[in-house]
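Okay, here's what each chain looks like letter by letter:
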Amino acid sequence: MSANVSADGRGGEHMADRRRHITAESGNEIICLRADADDAVIELLRPLVARAIDTGERVDIPAGYWMRAEEREIATLEVGIGHSDTGAQALRRIACKLGDLDKCFAWAYL
């Protein structure tokens, strides 16, 4: 999940170069900088994230992974990630390995 934050991290005015990223399983919260996300990955994910939101179903992404995405609030996205070989039960292990990818989902969404 990601949401807009101000420069001090407390919310408010939208910042184009940073987002608040919260991992649902652990509750960890970090500020993600746009400069840390690869432009090519964001462009690849942008239509896939849109399709996942529009359909509410799994959408395949490269390397055998899939994602589901749901808008929760204004500028807030909940994303589930899985792998076709492991199903949803291994989601936590996969999410830990794909820490940077889930941040790219937020940038592709916003």
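This one's a predicted model, so the numbers in the text were calculated from it and none came from an experiment. (Residues numbered from 1 in each chain as written. Predicted model: local features only at pLDDT ≥ 70, side-chain atom pairs only at ≥ 80, totals over all residues. Heavy atoms only, no water.)

## Structural notes on the packing of aromatic side chains
Which entries qualify depends on this criterion: When two rings of Phe, Tyr or Trp (its six-membered ring) have centres within 6.5 Å they constitute a pair, described as stacked for plane angles under 30 degrees, edge-to-face for angles over 60, and tilted for the intermediate range. By the criterion adopted, a ring carries a charge over it if an Arg CZ or a Lys NZ lies within 6 Å of its centre and within 35 degrees of its normal.
In this structure the tally under the stated criterion is zero aromatic pairs. In this structure, Arg 58 is placed above the aromatic ring of Trp 66, and the distance from its NZ or CZ to the ring centre is 3.9 Å.

## Some details on the environment of Cys 104
How we decide: Put simply, DSSP marks the helices as runs of H or I at least four residues long and the strands as runs of E at least two long, and each gets a number from the N terminus on. Here, residues are in contact when the closest pair of their heavy atoms is within 4.5 Å.
Looking at where Cys 104 falls in the secondary structure, it is placed in helix H3 (residues 99-109). For Cys 104 and Asp 39, which are 65 residues apart along the polypeptide, the C-alpha to C-alpha distance reads 9.0 Å. Beyond its immediate sequence surroundings of up to four residues, Cys 104 is in contact with Ala 37, Asp 38, Val 41, Ile 42 and Leu 45.

## Some details on the confidence of the model for the protein chain
This is how the line gets drawn: pLDDT is defined as a per-residue confidence score from the predictor, taking values between 0 and 100.
In this model, the protein chain carries a mean pLDDT of 74, and residues with pLDDT of at least 70 account for 74%. The low-confidence segment residues 1-14 (pLDDT under 50) makes 35 contacts with residues lying over four places distant or belonging to another chain.

## Some points on the nonpolar core
Note the cut-off: For this analysis, a nonpolar core means a set of buried residues of the types Ala, Val, Leu, Ile, Met, Phe, Trp, Tyr and Cys, connected via side-chain atoms within 4.5 Å. Each residue is placed in one exposure class: buried if its accessible area under a 1.4 Å probe, protein chains only, is under 20% of its type's maximum, exposed if it is over 50%, and partly exposed if it falls in between.
Counting residues in hydrophobic clusters, the biggest one holds 20 residues, and the most contacted among them are Leu 45, Val 49, Ile 61, Met 67 and Phe 105. If you list the elements that add at least two residues to this core, you get helix H1 (39-55), strand S4 (59-61), strand S5 (65-73), strand S6 (76-83) and H3. Here this core takes six residues from H3, the largest share from any one element. Sequence-distant contacts of Val 49, defined by excluding residues within four places in its chain, comprise Met 67, Leu 77, Phe 105, Ala 108 and Tyr 109.

## Brief notes about the pattern of salt bridges
As a reminder of what qualifies: Here a salt bridge means any side-chain nitrogen of Lys or Arg lying within 4 Å of a carboxyl oxygen belonging to Asp or Glu.
Tallying each qualifying case throughout the model produces five salt bridges. Across the pair Arg 34 and Asp 39 runs a salt bridge, and its minimum N-O distance is 2.5 Å. Taking the relative accessible area as the measure of exposure, Arg 34 reaches 25% and is therefore partly exposed. Relative accessible area serves as the criterion here: at 49%, Asp 39 is assigned to the partly exposed category.

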